[in-house]
2 protein chains.
Amino acid sequence: MSFQKEKAIFTEYIRSKNLKHSEQRQLIMDVFLKTEKHLTAEELYEMVKKKNPSIGYATIYRTMKLLTEAGLCRELHVVDGVTRYEHLYNHKHHDHLICTKCGKFVEIESPRIEELQEKIAKKHGFILTRHRLELYGLCKSCKN
Amino acid sequence: MSFQKEKAIFTEYIRSKNLKHSEQRQLIMDVFLKTEKHLTAEELYEMVKKKNPSIGYATIYRTMKLLTEAGLCRELHVVDGVTRYEHLYNHKHHDHLICTKCGKFVEIESPRIEELQEKIAKKHGFILTRHRLELYGLCKSCKN
DNA sequence: ATTAATATGAAACTCATTATCAACTTGGGC
DNA sequence: GCCCAAGTTGATAATGAGTTTCATATTAAT
Ligand SMILES: [Mn+2]
Ligand SMILES: [Mn+2]
Ligand SMILES: [Zn+2]
Ligand SMILES: [Zn+2]
């Protein structure tokens, strides 16, 4: 859990774009890498603030954008209108099943659905570039 | 194309909630019903403005909310962050295939995908209440 | 250490949508 | 048709997530 690979990727991205390292970026990356959750900018901000109380919101957004461009992070836009960030590196593609009561995120995977999506796009003469599939409902604990 | 049924549904909704009819509501509903497109509030506003130049933006939003509550309209939230409105009454459930270059909307339907979604939800102990499936890509004319 | 380039935090701004509110309609009772 | 309580409207302010701006601070190459 030292995230050597991820850190190397970020360093390489920084280098390739002639950017610079900073305490803030390192800290935000660390906080992000240490959780497997689907965090909002606000949640990240609160977590980072505990280690560096002078951090600004804009730096969170800016850094998460960098991590996304570097291929370490995926931005998720679910129904509540707040962007969530999740690990991308070394995580295979998946979609989400979300409990609308408690907010639980379950990662789902369906090669069969992906195939059918391709088929549909092809049938209409489209070249598929991405898709969004989210299932909403009540989880085991919330449905009672 | 007189939309008798739709208008009756709206009238009944108005009655059931002790609301009132108004010129503006009638006009916005007419404009909405006459197109089969996936319109934004801005597009509706521009169209309605031609018939009633004093219309306000807020009235568009308010009326579209009423039409949605009445079951005549479905709000669509696609990636660009702008809500679109489409007919719901007498239209069976479908998802969308969208061209990211020209904005073309294609309505798609896949009972097989819907089944698989139910299966996945069940497997994780969820009760599915809704889902969002959008396919993005380049259409026949835009992919060249 | 110098210095040019980049990063930061605070605050202003954006953009879609919603809330507020005074003025204006609507519609049921007379 | 007139009254009038209740609902509606348009203008404008407010909201909230995210972005931009800018003066100041940090980074890293020399
Ligand atoms: Mn995930
Ligand atoms: Mn549609
Ligand atoms: Zn739950
Ligand atoms: Zn196209």
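Residues numbered from 1 in each chain as written. Chains lettered and ligands numbered in written order. Predicted model: local features only at pLDDT ≥ 70, side-chain atom pairs only at ≥ 80, totals over all residues. Heavy atoms only, no water.

Topic: the overall build of chain A
Scanning chain A for helices and strands turns up five helices and six strands. Put simply, chain A runs from its N terminus to its C terminus through helices and strands in the order α-α-β-α-α-β-β-β-β-α-β. Expressed as lengths along the three principal axes of its C-alpha atoms, the size of chain A is roughly 50 × 45 × 30 Å. Within chain A, buried positions represent 44% of all 144 residues. Taking the contacts inside chain A whose residues are at least 6 apart along the sequence as the reference set, 51% of them involve residues at least 24 apart. When the accessible surface of chain A is totalled, it reaches about 8,400 Å², and 51% of it is carbon and sulfur. Averaging the locations of the 26 positively and 19 negatively charged side chains of chain A gives two centres separated by 1 Å. (Helix = DSSP H or I, 4+ residues; strand = E, 2+ residues; numbered from the N terminus. Buried < 20%, exposed > 50% of the residue type's maximum accessible area, 1.4 Å probe, protein only. Contact = heavy atoms within 4.5 Å. Areas by Shrake-Rupley, 256 points an atom, 1.4 Å probe, with all protein chains shown as cover. Lys, Arg positive; Asp, Glu negative; His and termini not counted. Charge placed at Lys NZ, Arg CZ, Asp CG, Glu CD.)

Some remarks on the interface of chain A and chain B
Contact residues are listed per partner, giving 34 residues for chain A and 34 residues for chain B. For the pairing of chain A and chain B, the buried interface totals around 3,200 Å² over both sides, and the portion due to carbon and sulfur atoms is 68%. Two residues, Glu134 of chain A and Arg132 of chain B, come together in a salt bridge whose shortest N-O distance is 3.0 Å. Taken together, chain A and chain B are joined by 14 residue pairs in polar contact (both at pLDDT 80 or more). Broken down by element, the side of chain A that touches chain B gets its largest block of residues, 12 residues, from strand β6 (residues 127-138) of chain A. (Buried area = accessible area lost by both parts, 1.4 Å probe. Salt bridge = Lys/Arg side-chain N within 4 Å of Asp/Glu carboxyl O. Polar contact = N/O pair within 3.5 Å; in protein donor to acceptor, adjacent residues only side chain to side chain.)

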